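Below are the chains, spelled out letter by letter.
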Amino acid sequence: MNNGLRITDTNSANDSKGRALGFEGNDFLYVVIGIVAAIGIFLLLYGMFHAGLATAGGIAIPVFVIPTAWVMLFRRGKPDGYAEDFFDHLFNREGFCFSPDNQNPRGAPAASKRRPGHAQ
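In this text, all values refer to a predicted model and were calculated from it rather than measured experimentally.

Novice: Can you break down the overall build of the protein chain residue by residue, with the values?
Specialist: Across its full length, the protein chain carries 3 helices and 2 strands. Ordering the α and β elements of the protein chain from the N terminus gives β-β-α-α-α. Looking at the protein chain residue by residue over its 120 residues, the buried ones come to 12%.

Below, the structure written as structure tokens:
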């Protein structure tokens, strides 16, 4: 029974980048490096330079919080390039179009524009 279909072996592996500590790919590295750096800075300031507990903690906590917030807000569960697109939209506020004349002005409702000289 030859129906014209060819059967070939393929590598149908999962396209996942892997998971570690509940994070996709290498996102856990940002969190782990932030923890290690925060502990190191805290111990350096508090133990060696005899800074106050609040001062050492106040300097060390953002070293952990900022990378963790970055991963949780812009990387976890988001597609590749999400952060770049988010900040581009936040600061640029322009849409992508090959012809800027066809873009709606900022704040205008999305309606089809008529080009002069074209019949409908």
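Back to the text.
Novice: Report on the UniProt feature "transmembrane region" (unreviewed entry) in the protein chain, specifying residues and quantitative values.
Specialist: When the UniProt feature table is mapped onto this chain, "transmembrane region" (unreviewed entry) is found at residues 28–49 and 55–74. Secondary structure across residues 55–74 divides into 100% helix and 0% strand, with the first and last C-alpha atoms of the span separated by 29 Å.

Novice: Tell me about helix H2 (residues 53–75), and name the residues and values.
Specialist: Taking 1.5 Å as the rise per residue, H2 with 23 residues should run 33 Å; its terminal C-alpha atoms sit 32 Å apart, in good agreement. Next to the buried residues of H2 lie strand E2 (23–24), helix H1 (27–48) and helix H3 (82–92). Positioned one or two residues after H2, Gly77 has a phi angle of 75 degrees, which is positive.

Novice: Account for the pattern of salt bridges, naming residues and giving values.
Specialist: Taken as a whole, this structure holds 2 salt bridges when the rule is applied. Across the pair Arg19 and Glu24 runs a salt bridge, and its minimum N-O distance is 2.8 Å.

Novice: Just give me the short version of the side chain of Asp27, but keep the residues and values in it.
Specialist: Following the sequence through the fold, Asp27 ends up in helix H1. In this structure Asp27 touches Val71, Arg75 and Arg76, once residues within four positions along its chain are discounted.

Novice: How would you sum up the packing of H2 against H3? Please name residues and give values.
Specialist: Between H2 and H3, the least distance of the axes is 9 Å, while the angle of their chain directions is 85 degrees. Taken together, the axes of H2 and H3 lie roughly perpendicular to each other. Across the interface between the two elements, Trp70, Leu73 and Phe74 from H2 touch Tyr82, Ala83, Phe86 and Phe87 from H3. Taken together, the residues of the contact of H2 with H3 break down into 7 nonpolar, no polar and no charged.

Novice: With reference to specific residues and values, describe a nonpolar patch on the surface.
Specialist: A cluster of nonpolar side chains, Ile35, Ile39, Leu43, Ile61, Phe64 and Val65, forms an exposed patch at the surface whose accessible area comes to about 520 Å². Turning to its location among the elements, Leu43 is positioned in helix H1. For Leu43, a relative accessible area of 52% puts it in the exposed group.

Novice: Can you break down the packing of aromatic side chains residue by residue, with the values?
Specialist: The full count for this structure, using the stated rule, is 9 aromatic pairs. Taken together, a centroid distance of 6.2 Å and an interplanar angle of 5 degrees make the contact between Trp70 and Phe87 stacked. Of this pair, Trp70 sits in helix H2 while Phe87 sits in helix H3; the two residues are 17 residues apart in sequence, bridging distant segments of the chain. According to the relative accessible area criterion, Trp70 is partly exposed, its value standing at 33%.

Novice: If you had to explain the environment of Leu73 to someone new, which residues and values would you point to?
Specialist: Structurally, Leu73 is set in helix H2. Along the backbone, Leu73 and Ala83 are 10 residues apart, and their C-alpha atoms lie at a distance of 8.8 Å. Apart from residues no more than four positions distant in its own chain, Leu73 is found in contact with Lys78 and Tyr82.

Cut-off values and rules
Residues numbered from 1 in each chain as written. Predicted model: local features only at pLDDT ≥ 70, side-chain atom pairs only at ≥ 80, totals over all residues. Heavy atoms only, no water. Helix = DSSP H or I, 4+ residues; strand = E, 2+ residues; numbered from the N terminus. Buried < 20%, exposed > 50% of the residue type's maximum accessible area, 1.4 Å probe, protein only. UniProt positions renumbered as here; feature names shortened; annotations may be inferred. Expected span 1.5 Å × (residues − 1). Contact = heavy atoms within 4.5 Å. Salt bridge = Lys/Arg side-chain N within 4 Å of Asp/Glu carboxyl O. Axes fitted to C-alpha atoms, helices over the stretch in contact; angles between N-to-C directions. Parallel < 35°, antiparallel > 145°, perpendicular 65-115°, else oblique. Nonpolar A, V, L, I, M, F, W, Y, C, P; charged D, E, K, R; others polar. Patch = residues over 30% accessible without salt bridge, like charges linked within 9 Å, V, L, I, M, F, W, Y side chains within 5 Å. Areas by Shrake-Rupley, 256 points an atom, 1.4 Å probe, with all protein chains shown as cover. Phe/Tyr/Trp six-rings, centres within 6.5 Å; stacked < 30°, edge-to-face > 60°.

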